[in-house]
Amino acid sequence: MCGLFGFLNYSGKNIKDLKNLTNSLAEQSAERGTDATGIAFNGKGGMCVLKDAKSAFQISFNHNDNVKALIGHTRHSTQGSEKKDYNNHPFLGECKNAIFALAHNGVLYNDDELKKEFHLPKTEVETDSYVAVQLLESKRKLNFDSVKYMAEQVRGSFSFSIVDDRNNIYL
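The paragraphs below set out a description of the structure included in this document. (Residues numbered from 1 in each chain as written. Predicted model: local features only at pLDDT ≥ 70, side-chain atom pairs only at ≥ 80, totals over all residues. Heavy atoms only, no water.)

## Quick notes on the overall build of the protein chain
For clarity, the threshold we go by: Secondary structure elements are taken from DSSP: a helix is a run of H or I of four residues or more, a strand is a run of E of two residues or more, and numbering for both begins at the N terminus. The globule rule is 2.2 Å times the number of residues to the power 0.38, and the radius of gyration it is compared with is taken over C-alpha atoms. With a 1.4 Å probe rolled over the protein chains alone, any residue whose accessible area is under 20% of its type maximum counts as buried; one over 50% counts as exposed, and the rest are partly exposed. Any two residues having at least one pair of non-hydrogen atoms within 4.5 Å are treated as being in contact. Each accessible area is a Shrake-Rupley estimate made with a 1.4 Å probe; only the visible protein chains count as cover when residues are assessed. Asp and Glu count as negative and Lys and Arg as positive, but His and the ends of the chain are not part of the count. For this purpose, a charge sits on NZ of Lys, CZ of Arg, CG of Asp or CD of Glu.
The helix and strand inventory of the protein chain stands at four helices and eight strands. For the protein chain, the sequential pattern of α-helices and β-strands runs β-α-β-β-β-β-β-α-α-α-β-β. Relative to a compact globule of 171 residues, whose C-alpha radius of gyration would be 16 Å, the protein chain shows 15 Å and is just as compact. The principal-axis extent of the C-alpha atoms belonging to the protein chain is close to 50 × 30 × 25 Å. In the protein chain, which comprises 171 residues, the share counted as buried stands at 45%. Counted over contacts in the protein chain with a minimum sequence separation of 6, partners at least 24 positions apart contribute 69%. Surface exposure of the protein chain reaches about 8800 Å², of which carbon and sulfur atoms provide 48%. Charge centroids of the protein chain, computed over 21 positive and 21 negative side chains, lie 5 Å from each other.

## Section: the state of the cysteines
For clarity, the threshold we go by: Two cysteine sulfur atoms form a disulfide, by the criterion used here, when they sit within 2.5 Å.
Scanning all chains against the criterion turns up zero disulfides. Residue Cys 48 stays outside any disulfide, its sulfur separated by 19 Å from that of Cys 95, the closest cysteine. Given the relative accessible area of 24%, Cys 48 is considered partly exposed. We classify Cys 95 as buried; its relative accessible area is 6%.

## Thoughts on helix 1 (residues 18-29)
For clarity, the threshold we go by: Expected span, for any helix, means 1.5 Å times one less than how many residues it has. In this description, the arc belongs to the directions extending from the helix axis to the C-beta atoms.
If you check helix 1, its first and last C-alpha atoms are 17 Å apart, about what twelve residues at 1.5 Å a residue would give, namely 16 Å. Turning to helix 1, its buried residues are Leu 18, Thr 22, Asn 23, Ala 26 and Ser 29. Buried residues of helix 1, viewed axially, fall in a sector of 140 degrees; they line one side.

## Looking at the pairing of strand 1 (residues 3-8)
Rules: By the convention used here, strands pair only if DSSP detects at least 2 bridges between them.
Side chains Gly 3, Phe 5 and Phe 7 of strand 1 all project onto a buried face; the interleaved residues Leu 4, Gly 6 and Leu 8 project onto a face where none is buried. In this structure, strand 1 lies alongside strand 4 (residues 69-75), joined through six bridges in antiparallel fashion. Residue Leu 4 lies in a different strand from strand 4, and its bridge partner there is His 73.

## Observations concerning helix 4 (residues 144-153)
Three or more residues of helix 4 are buried, namely Ser 146, Val 147, Tyr 149 and Met 150. The buried residues of helix 4 occupy one face: seen down the axis, they fall within an arc of 160 degrees. Facing away from the buried surface of helix 4 by more than 90 degrees, the exposed residues are Phe 144 and Asp 145. Packed against the buried residues of helix 4 are strand 6 (98-108), helix 3 (130-139), strand 7 (156-164) and strand 8 (169-170).

## Quick notes on empty space enclosed by the protein
We count it as follows: The way it works is a 1 Å grid over only the protein atoms, where trapped points that fit a 1.4 Å probe form a cavity and open points with protein on both sides within 12 Å along at least five of seven lines form a pocket, and then any residue with an atom within 4 Å of a point lines it. Grid points are joined across faces, edges and corners, and a volume is the space filled by probe spheres set on the points. Ten residues, namely Ala, Val, Leu, Ile, Met, Phe, Trp, Tyr, Cys and Pro, are considered nonpolar, four, namely Asp, Glu, Lys and Arg, are considered charged, and the remaining ones, Gly among them, are considered polar.
Using the criterion set out here, one finds one cavity of 30 Å³ or more in the structure. Here the largest cavity defines a volume of roughly 70 Å³. Lining the largest cavity we find Cys 2, Arg 75, His 76, Ser 77, Thr 78, Gln 79, His 89, His 104, Gly 106, Thr 127, Asp 128 and Ser 129. A breakdown of the residues in the lining of the largest cavity according to their chemical character gives one nonpolar, nine polar and two charged.

## Quick word on the layout of surface pockets
In this structure, the largest pocket occupies an estimated 190 Å³ of space. Every element with two or more residues in the lining of the largest pocket is listed here: helix 2 (111-117) and helix 3. For the lining of the largest pocket, the residue count by class is five nonpolar, three polar and four charged.

Below you can see the structure in the form of structure tokens.
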């Protein structure tokens, strides 16, 4: 299965060479998946998602030392080709109150049923994980209640990490 990693800097101070921490966390998580690696964080232009169909050992993420919250994912592909970056995590989503990114570890086995039951729009994304983004978007608001709702709908094995454009992290 995949690996999840991340951090939340609530100290109010920048951490020198924070990109080294990010890359180290990604490399440590690579034992859980080497098919693709990605991160999401808030940058100058809003939510940034950087991902590639490479092992964390082949990527060097570069971001400023002022990043406050970051989630990351190392992928072990189970559904959808990792060669297509839209299948790789983290995935972007948007609600009325937040832009967010979500990463998932595990396997969801009722994603097709949920898409039909809730009339979720068809997308090019081929992974089971993306249904979690769609369920959150369907609630139109990102908060603990919508995350709880999403987690109660999906079936399978799962851990989720979510970061929003206000540097809130949901696990």
